[in-house]
Amino acid sequence: MEEQTLKVNAIEENCHQTGTISLPFFSGSFPTSPAIFVYLLKECYLQGTLKATYKFKVLQQQASCALSNMVERGQAVFVVQCLNLLPLFGPPYTEGFSHLLMSSLRRIQTTQNILYDSEKEKKLATQLFLDVLAGTVAHDERILVKIVEVFDIGLKDIANIMYGMEVEEDGLDMEKAKDFVKQYIFRLIESHSYTTAVSLLEFFSIRHSEESFLHAMVEDRQFKVAEKWAMFMGKPMISLLVQKCLDMKFQKQAYMIIKKNNLKQKFPDAYHSCKESSLKTLAEKGCWDVAEMRANSNRQLIEYLVFLAMEAGYTEKVDELCERYSLNGLGILKAAAEGSHPEAQYLHCAELDIEDIVWVDELNGLLSAISYFEGCKVVGVDCEWKPNFVKGVRPNKVSIMQIASEKRVFIFDLIKLYADEPDILNNCLKRVFGSSRILKLGYNLRGDLQQLSQSYSRLECFKYYEMLLDIQKLFIDQRGGLSGLAKKILGAGLNKTRRNSNWEERPLSQNQIEYAALDAAVLVHIFQQVRSQPQSTDVKTGAKIEWTSHIVSHMGKTKVPQPSPRAFPLVEQ
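Keep in mind it's a predicted model, so treat the numbers as computed, not measured.

(A) Looking closely at the overall build of the protein. What the protein contains, in helices and strands, is 25 helices and ten strands. Every one of the 573 residues in the protein was classed for burial, and the buried ones make up 49%. Looking at the protein alone, contacts between residues at least 24 apart form 67% of all its contacts between residues at least 6 apart. With an accessible surface of roughly 28900 Å², the protein has 50% of that area assigned to carbon and sulfur atoms.

Given below as structure tokens:
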């Protein structure tokens, strides 16, 4: 005992000196008792200097290694003894270390293909399970699931411990044991611990068929556990779950359950409605290609997609879909004519008094545009690229960049200009982005500049900039993006249906050109409203600040301080 105490003191000293997690003492040759094992786990955790999550992970790995060296001493018995002691260390450690030890034991069980089913192991684990149910040993209820799974505890094991003898399979004692477990599970349900309750119901094959249980889980939005329980109960309960979701307006969840469990024939209208809702959401985001793929050539859904495009005023998408699927109208035109046309709800170039939209794809046009912007004090900047909906694949190269003053918008064909005159393009754009006399407005413009820099890595003009103002940072409520901000400030939003169209097509459609022009020009008009009210509210502190404090510059790896308001007297353009 004296030798063990000396080793424990040495380990504690090592923890204090190094401030790291180290469990070299947990070896087969070291006669560690459960109490000392748990105590040293606590000490190593307290003295560790790593972040909590990583510290816990390292401790779990070393605990697993230590338990692996205890084969001849009985790993499972040792862990159960530790679990009985852990509540003495208090709530912060009981839950974490309990799950750590059970997870370590399960890992050993899986990797070494060990079954913990000896009489001693089963009795100790079952007694612990009953003590937790009775409240005499304080553990988080989730540990119960791990205990019954690792030790494969059945109702007969529970009955044997409860009555101190071997009970018969179909006897009254088995029913009493089942009722005891059921009462605990019902308390879990009352406390909304649905995940643990369903796991125990499933493990002990207890069929709790009350509809109110299903309703409560759906009402609490516990859809995954509700589906798990319904699948355990059988198809009628799955169908009831779908109906509950539909009745409570959880269409997306209903659709996923219908699809997963092949219930399309039973809920055809709901399935189709959910598909249409999904297509509408994608269309509103401008993800037309994804929406078309999700329609999966279903004629009814394609017609609905065409209707959405027509309703949004996206006429070129209507023509494209009708031609691809040989629709020839088929009632779509009539439906669209009867529906309301929302184009009047959106901003148009004419409403912003934009006098000219200039397409720039050659040298003279580039030089003329840059010369014009050098006479401006404020410009709006935006860019577009062809969407790529494949995960893990780099985005496509930026196709166009729009720079706007209050009255004019220039749209630069970056793909062609870069191919024809890369050096001149670089020098020209440096005169705008590197100018301390021109305030560049954007909406997440630094994100756009990063995309531009990745697309055209040889150009330096997108890597260094001065006088950049991100409009979105001036507003606390950023919901709805630039369109939502335009609606809030200017009274009407932007039609974003063409956001994810093919920006590499040449020529662009007139609607694409107007969309691109508006995205840049609206920034200037929003800024005019901000400038007329020079103070806005800081998101974090709530203090009043001037918009000039949001101006940033970036020269290499160093941010340059923004100018004072007096150094930049804004004038009407």
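(B) Looking closely at the packing of aromatic side chains. The final tally for this structure, using the stated rule, is 15 aromatic pairs. A ring pair is formed by Tyr93 and Phe97, whose centres lie 5.9 Å apart and whose planes are at 25 degrees; its orientation type is stacked. In this pair, Tyr93 and Phe97 are both assigned in helix 5 (residues 91–112), four residues apart and thus about one turn of the helix distant. The class of Tyr93 is buried, set by a relative accessible area of 17%.

(C) Spatial organisation of the confidence of the model for the protein. Chain-level pLDDT for the protein is 83 on average; 85% of the residues reach the 70-or-more range. Of the regions scoring below 50 in pLDDT, residues 1–29 engages in 49 contacts with residues more than four places distant in sequence or in other chains. Low pLDDT, under 50, characterises residues 558–573; the predicted model gives this stretch 32 contacts beyond four residues in sequence or across chains.

(D) Geometry of the pairing of strand 4 (residues 408–413). Of all the six residues making up strand 4, five are buried; the element is thus mostly covered by neighbouring parts of the structure. Pairing between strand 1 (residues 356–360) and strand 4: five bridges, direction parallel. The residue bridging Val358 from the neighbouring strand is Phe410, located in strand 4. Here strand 3 (residues 398–404) folds back onto strand 4 in antiparallel fashion, the turn holding three residues.

(E) Structural context of the packing of helix 10 (residues 194–203) against helix 12 (residues 223–233). Between helix 10 and helix 12, whose axes approach to 10 Å, the crossing angle comes to 15 degrees. With respect to their mutual orientation, helix 10 and helix 12 come out roughly parallel. With respect to the hand of their crossing, helix 10 and helix 12 are arranged in left-handed fashion. Along the contact surface, helix 10 presents Tyr194, Thr195, Val198, Ser199, Leu201 and Glu202, while helix 12 presents Val225, Lys228, Trp229 and Phe232. Tallied by class, the residues present in the contact of helix 10 with helix 12 amount to six nonpolar, two polar and two charged.

(F) Local environment of helix 9 (residues 172–190). Helix length check: helix 9, at 19 residues, gives a terminal C-alpha distance of 27 Å against a target of 27 Å (1.5 Å per residue), a fit within 8%. When helix 9 is considered as a whole, its buried residues turn out to be Asp173, Met174, Ala177, Val181, Tyr184, Ile185, Leu188 and Ile189. Those residues of helix 9 hidden inside the fold are in contact with helix 6 (119–134), helix 7 (142–151), helix 8 (155–163), helix 10 and helix 11 (211–219).

(G) Spotlight on the side chain of Thr94. Among the secondary structure elements, Thr94 is positioned in helix 5. At 3.2 Å, the side chain of Thr94 and the backbone oxygen of Leu86 are in polar contact. Contacts of Thr94, omitting those with residues within four sequence positions, involve Leu86, Pro87, Ala138 and His139.

(H) How the structure looks around the pattern of salt bridges. Per the counting criterion, the structure on display carries 19 salt bridges. The salt bridge partner of Arg408 is Asp356, with a shortest N-O separation of 3.3 Å. Linking Arg408 in strand 4 with Asp356 in strand 1, this pair joins segments that are 52 residues apart in sequence. Each of the salt bridges in this network shares a partner with another, and the network as a whole consists of Asp289, Glu292, Lys317, Glu320 and Arg324.

(I) Summary view of the packing of helix 20 (residues 363–373) against helix 22 (residues 422–433). The N-to-C vectors of helix 20 and helix 22 enclose an angle of 15 degrees; their axes lie 9 Å apart at closest approach. Taken together, helix 20 and helix 22 sit at an angle that is classed as roughly parallel. Crossing handedness for the pair helix 20 and helix 22: left-handed. Taken together, the residues of helix 22 that come into contact with helix 20 (itself represented by Leu363, Leu366, Leu367, Ile370, Ser371 and Phe373) are Ile424, Leu425, Cys428, Leu429, Arg431 and Val432.

(J) Helix 12, seen in detail. With eight of its eleven residues buried, helix 12 lies for the most part within the structure. Of the residues making up helix 12, those classed as buried are Phe223, Val225, Ala226, Glu227, Trp229, Ala230, Phe232 and Met233. Its buried side turned inward, helix 12 meets helix 10, helix 11, helix 13 (235–247) and helix 14 (251–260). Gly234, located one to two residues past helix 12, shows a positive phi value of around 120 degrees.

The rules behind the values
- Numbering of residues begins from 1 in every chain and follows the order in which that chain's sequence is written.
- The model is predicted, so local features are restricted to residues of pLDDT at least 70 and side-chain atom pairs to those at 80 or more, both for listing and for counting; the totals for chains, interfaces and linings are taken over all residues.
- As a rule here, side-chain values cover all heavy atoms of the structure and leave hydrogens and water aside.
- Only runs of H or I of at least four residues qualify as helices and only runs of E of at least two qualify as strands under DSSP, and these elements are numbered from the N terminus.
- Exposure categories follow from relative accessible area, calculated using a 1.4 Å probe and restricted to protein chains: below 20% of the type maximum is buried, above 50% is exposed, and the middle band is partly exposed.
- Contact criterion: two residues are considered in contact whenever any of their non-hydrogen atoms come within 4.5 Å of each other.
- Method for areas: the Shrake-Rupley scheme with a 1.4 Å probe, in which residue coverage is limited to the protein chains shown.
- Stacked, edge-to-face and tilted labels apply to pairs of Phe, Tyr and Trp rings (six-membered ring for Trp) whose centres lie within 6.5 Å, assigned for plane angles under 30 degrees, over 60, and everything in between, in that order.
- Residue-level confidence of the predictor is what pLDDT reports, using numbers from 0 through 100.
- Between any two strands, pairing holds if DSSP finds at least two bridges.
- Helix axes are fitted only over the stretch in contact, all axes being lines through C-alpha atoms; the angle between N-to-C directions runs from 0 to 180 degrees.
- Here the angle decides the label: under 35 degrees means roughly parallel, over 145 means roughly antiparallel, 65 to 115 means roughly perpendicular, and every other value means oblique.
- Here is the rule for handedness: rotate from the far helix to the near one, and if that takes an anticlockwise turn smaller than a right angle the crossing is left-handed, while a clockwise turn gives right-handed.
- When residues are grouped by polarity, Ala, Val, Leu, Ile, Met, Phe, Trp, Tyr, Cys and Pro land in nonpolar, Asp, Glu, Lys and Arg in charged, and all others, Gly among them, in polar.
- Given the number of residues in a helix, its expected span is that number minus one, multiplied by 1.5 Å.
- Each polar contact in these results corresponds to two N or O atoms within 3.5 Å; when the atoms are within protein, one needs to be able to donate a hydrogen and the other to accept it, and residues that are neighboring in sequence are counted only if both atoms are side-chain atoms.
- The term salt bridge refers to a pairing of a side-chain nitrogen on Lys or Arg with a carboxyl oxygen on Asp or Glu at a separation within 4 Å.

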